[in-house]
Amino acid sequence: MRCLYIIKGMLFMLFIISMSMAQPKLPTKEERLKQLKEKLELTKEQAAKVGTILDSNQKKADVLQDKKVGDRRQHMEAMKA
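Structure report, in brief. Every value quoted in this text rests on a predicted model; they were computed, and no experiment measured them.

### Quick word on helix 2 (residues 29-40)
Stage number 1. The end-to-end C-alpha distance of helix 2, which contains twelve residues, comes to 16 Å, matching closely the 16 Å that a straight helix rising 1.5 Å per residue would cover.
Stage number 2. Looking at the residues trailing helix 2, positive phi occurs at Glu-41, about 55°.

Structure follows, in structure tokens:
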């Protein structure tokens, strides 16, 4: 019986640890554009340009993800290019 409590406790701890290590969901392009538009008070023209930039960055990130670029630093440097 005691062993059962220990196993349940360990499973509960593993669940809590895995939940605390889960990465938060990144905002979509539309959510990010809305945040920037509100925070920076962008005009429609500015928002359109920012949307184009966000699209371009997402395409770069997708290409890098497909290539599985090495470590985080390499990934950041490639995104800057």
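### Regarding the packing of helix 2 against helix 3 (residues 44-67)
What describes two packed helices is the angle between their axes and the distance between those same axes.
Stage number 1. Interhelical geometry of helix 2 versus helix 3 gives an angle of 140° and a closest axis separation of 10 Å. Regarding the angle of helix 2 to helix 3, the classification is oblique. The two elements helix 2 and helix 3 cross, and the hand of that crossing is right-handed. Here Lys-29, Arg-32, Leu-33, Leu-36 and Lys-37 of helix 2 lie close against helix 3, whose contacting residues are Ala-47, Val-50, Gly-51, Leu-54 and Asp-55.
Stage number 2. Split by residue class, the contact of helix 2 with helix 3 holds five nonpolar, one polar and four charged.

### Focus on the pattern of salt bridges
Stage number 1. A complete count under the given rule lists one salt bridge for this structure.
Stage number 2. With its nearest N and O atoms 3.3 Å apart, the salt bridge here joins Asp-55 to Lys-29. On the criterion of sequence distance, the pair formed by Asp-55 in helix 3 and Lys-29 in helix 2 is long-range, its members being 26 residues apart.

About the criteria used
- Residues numbered from 1 in each chain as written.
- Predicted model: local features only at pLDDT ≥ 70, side-chain atom pairs only at ≥ 80, totals over all residues.
- Heavy atoms only, no water.
- Helix = DSSP H or I, 4+ residues; strand = E, 2+ residues; numbered from the N terminus.
- Expected span 1.5 Å × (residues − 1).
- Axes fitted to C-alpha atoms, helices over the stretch in contact; angles between N-to-C directions.
- Parallel < 35°, antiparallel > 145°, perpendicular 65-115°, else oblique.
- Left-handed = near helix turned anticlockwise from the far one by under 90°.
- Contact = heavy atoms within 4.5 Å.
- Nonpolar A, V, L, I, M, F, W, Y, C, P; charged D, E, K, R; others polar.
- Salt bridge = Lys/Arg side-chain N within 4 Å of Asp/Glu carboxyl O.

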